[in-house]
Amino acid sequence: MKKILSLALILSLLFAVTACGQTEADDSGENKTVGHKEASTMEEMTENIEETESVLVGENESSMPGTEVKTIMKREFNFETKTVTLNSGYEMPINGLGTYSLHGDECINAVKTALSNGGRLIDTASAYSNEAEIGQAIREAIDEGIIQREDIFVITKIYPGSEMENPEQSIQACLNRLDIGYVDMMLLHHPDRNDVSAYKVMEQFVEDGKIRSIGLSNWYVEELTELLPQVDIVPALVQNEIHPYYQENDVIPFIQDLGIVVQGWYPLGGRGHTGELLGDPVISAIAEAHGASSAQVILRWNLQKGVVVIPGSGNPDHIRENMELYHFSLTEDEMDQINALDRGEKHDWY
Ligand SMILES: NC(=O)c1ccc[n+]([C@@H]2O[C@H](COP(=O)([O-])OP(=O)(O)OC[C@H]3O[C@@H](n4cnc5c(N)ncnc54)[C@H](OP(=O)(O)O)[C@@H]3O)[C@@H](O)[C@H]2O)c1
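Residues numbered from 1 in each chain as written. Predicted model: local features only at pLDDT ≥ 70, side-chain atom pairs only at ≥ 80, totals over all residues.

Draft legend 1. View of the packing of helix H11 (residues 281-290) against helix H14 (residues 332-339). Interaxial distance between H11 and H14 falls to 9 Å at its minimum, and their mutual angle equals 160°. Between H11 and H14, the crossing angle belongs to the class labelled roughly antiparallel. In this structure, the crossing between H11 and H14 has a hand that is left-handed. Contact residues: H11 offers Val 282, Ile 283 and Ile 286, while H14 offers Glu 334, Gln 337 and Ile 338. In the contact of H11 with H14, the residues fall into four nonpolar, one polar and one charged. (Axes fitted to C-alpha atoms, helices over the stretch in contact; angles between N-to-C directions. Helix = DSSP H or I, 4+ residues; strand = E, 2+ residues; numbered from the N terminus. Parallel < 35°, antiparallel > 145°, perpendicular 65-115°, else oblique. Left-handed = near helix turned anticlockwise from the far one by under 90°. Contact = placed C-beta atoms within 7 Å. Nonpolar A, V, L, I, M, F, W, Y, C, P; charged D, E, K, R; others polar.)

Written as structure tokens, this is what we have:
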């Protein structure tokens, strides 16, 4: 049994190496091929091998010869390129812009401000009713030479209820509203009675090349344990509420150990809660010590925990500030101080 696993691990690593392209980073460290398949070298793969374990997923647990074996590799952030390579093989920026509650010109301006200031990751959802504005902002930024489509990574989501009941139609509707060719990542917004069948339709869209990676939002240990054996493509991302007052310290490692990247929503606590969090004396003192803002400290804390951040903002100054997270780093002691702020205090119901 061990031999089968080892052989399969080696074969899958070799396959990953041969299948990979080359990633480029310019002098600024900015990733230029966000939309491309991962560029791991054999050296990098070998370095990672110690962290790699091979497991059987789904119904293949019978371990018969020839059964499919998935390689699990903990996804490390690259602070030079500001990206992480997903289990789908695509690179995703590790910080970006959340667009919940942004609409009309405010939304278009926010997206273009982010893209003009190095932002390369945009998070939206069918439920935010702003995919059309986001698509427009992206197309305008492309026309104005600010970015190329391949430089950026766009996430959207389909919602429980009628959308997950009619997944083909609702996924295609997201693609049509965005109108930017493919979608980099599609998530199921919440668990739902039709989530497995909706997920399988997302898998089909990946097969058809219309979506590059797929994942889940608001999925925790129990929900993941239930869903994973029923699907073929391991989710590339799970997006959950995470901030210093709600740290999910039990859930994050569980997800990361499955080779799935974790992304935090409400990184600044969410609207109505940011005042208290940004004014927290521990965070303010750390911010002062680094000549950074409280928001930057919280976002950096997430990145150092291996959590991707998508702070929401319609304010150009905040958007610029939220992109500047790489000129300082938190010490172990500072990380511990923020870790100690956890109150298990959720700021939304899901
Ligand atoms: N999957 C899910 O179920 C789910 C749920 C909720 C959210 N999300 C995603 O996560 C994203 C982030 O959540 P969110 O936008 O609701 O909450 P958030 O990022 O925690 O906080 C947004 C609030 O912070 C303020 N802010 C942003 N940057 C700031 C800065 N540098 N200094 C001071 N204030 C700042 C914003 O005000 P200004 O506009 O004035 O900057 C806004 O009021 C959403 O936009 C959405 O994309 C996903």
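Draft legend 2. Quick peek at the nonpolar core. Counting residues in hydrophobic clusters, the biggest one holds 75 residues, and the most contacted among them are Val 111, Met 185, Met 186, Met 202 and Val 261. Sequence-distant contacts of Met 186, defined by excluding residues within four places in its chain, comprise Thr 156, Lys 157, Ile 171, Met 202, Phe 205, Ile 211 and Ile 214. (Core = buried A, V, L, I, M, F, W, Y, C linked by C-beta atoms within 7 Å. Buried ≥ 20, exposed ≤ 12 C-beta atoms within 10 Å, placed from the backbone.)

Draft legend 3. Just the site of the ligand, in detail. The environment of the ligand is made up of 28 residues, and the closest members are Gly 98, Trp 265, Ala 295, Gly 312 and Ser 313. The set of elements that each furnish at least two residues to the shell around the ligand consists of helix H10 (274-278) and helix H13 (316-323). Looking at the shell around the ligand, the element that brings in the most residues is H13, giving three residues. For the shell around the ligand, the residue count by class is nine nonpolar, 16 polar and three charged. (Near = placed C-beta within 6 Å.)

Draft legend 4. Highlighting unusual backbone geometry. Positive phi, normally seen in glycine, also occurs at Lys 82, with a value near 60°. The residue Lys 82 is located in the loop between strand S3 (77-78) and strand S4 (83-85) in this model. Its identity is not glycine, yet Glu 248 carries a phi of approximately 55°, on the positive side. Among the structural elements, Glu 248 can be located in the loop between strand S11 (237-241) and helix H9 (251-256). For Glu 248, a count of 22 C-beta atoms within 10 Å puts it in the buried group.

Draft legend 5. H11, seen in detail. Considered for burial, the residues of H11 that qualify are Ile 283, Ile 286 and Ala 287. On an axial view of H11, the arc spanned by its buried residues comes to 100°, and they lie on one face. When the buried face of H11 is taken as reference, the exposed residues oriented beyond 90 degrees from it are Pro 281 and Glu 288. Of the surrounding secondary structure, the elements contacted by the buried residues of H11 are helix H12 (294-304) and H14. Residue Gly 291 follows H11 closely and has a positive phi angle near 60°. (Arc of directions from axis to C-beta.)

Draft legend 6. Seen up close, the sheet that holds S4. Ordered in space as S3-S4-S5, the three strands form an open sheet in which the pairing is antiparallel. With one partner strand each, in any of the chains shown, S3 and strand S5 (91-93) form the two edges of the open sheet. Relative to S4, S3 is paired through two bridges, and the arrangement is antiparallel. If you follow Asn 78 over to S4, its bridge partner there is Thr 83. (Pairing = 2+ DSSP bridges.)

Draft legend 7. Expanded view of the environment of Asn 249. The topology assignment puts Asn 249 in the loop between S11 and H9. Residue Asn 249 is classed as exposed on the basis of its 12 C-beta neighbours within 10 Å. Separated by 95 residues in sequence, Asn 249 and Gly 344 have C-alpha atoms that sit 9.5 Å apart.

Draft legend 8. Representation of H13 within the structure. Listed as buried for H13 are Ile 319, Asn 322 and Met 323. Down the axis of H13, the buried side of the element spans an arc of 100°, and every buried residue falls inside it. Buried positions along H13 lie against strand S6 (97-98), helix H3 (104-116) and H12.

Draft legend 9. Expanded view of the environment of Thr 113. Among the secondary structure elements, Thr 113 is positioned in helix H3. Under the C-beta neighbour-count criterion, Thr 113 is labelled buried, with 21 such atoms within 10 Å. Placed 206 residues apart in sequence, Thr 113 and Ile 319 show a C-alpha to C-alpha distance of 7.1 Å. Apart from residues no more than four positions distant in its own chain, Thr 113 is found in contact with Pro 316 and Ile 319.

Draft legend 10. Expanded view of the environment of Ser 116. For Ser 116, the location among the structural elements is in helix H3. Along the chain, Ser 116 and Arg 320 lie 204 residues apart, while their C-alpha atoms are 9.1 Å from each other.

Draft legend 11. Fine view of the sheet that holds S11. Spatial ordering of the open sheet is given by S6-S7-S8-S9-S10-S11-S12-S13, a layout of eight strands whose pairing is parallel. Looking at strand neighbours, the two that pair on one side only are S6 and strand S13 (307-309), the edges of this open sheet.

Draft legend 12. Broad picture of the pairing of strand S8 (residues 153-158). Most of S8 sits out of view: six of its six residues are buried. On S8, burial covers both faces: Phe 153, Ile 155 and Lys 157 on one face and Val 154, Thr 156 and Ile 158 on the other are all buried. Regarding topology, helix H4 (residues 131-143) serves as the crossover connection from strand S7 (residues 121-123) to the parallel S8, and that connection is right-handed. Bridge count between S8 and strand S9 (residues 183-188): four bridges; the pairing is parallel. In the sheet register, Ile 158 faces S9, and the bridge partner there is Leu 188. (Right-handed = clockwise from strand over helix to strand, strands pointing away.)

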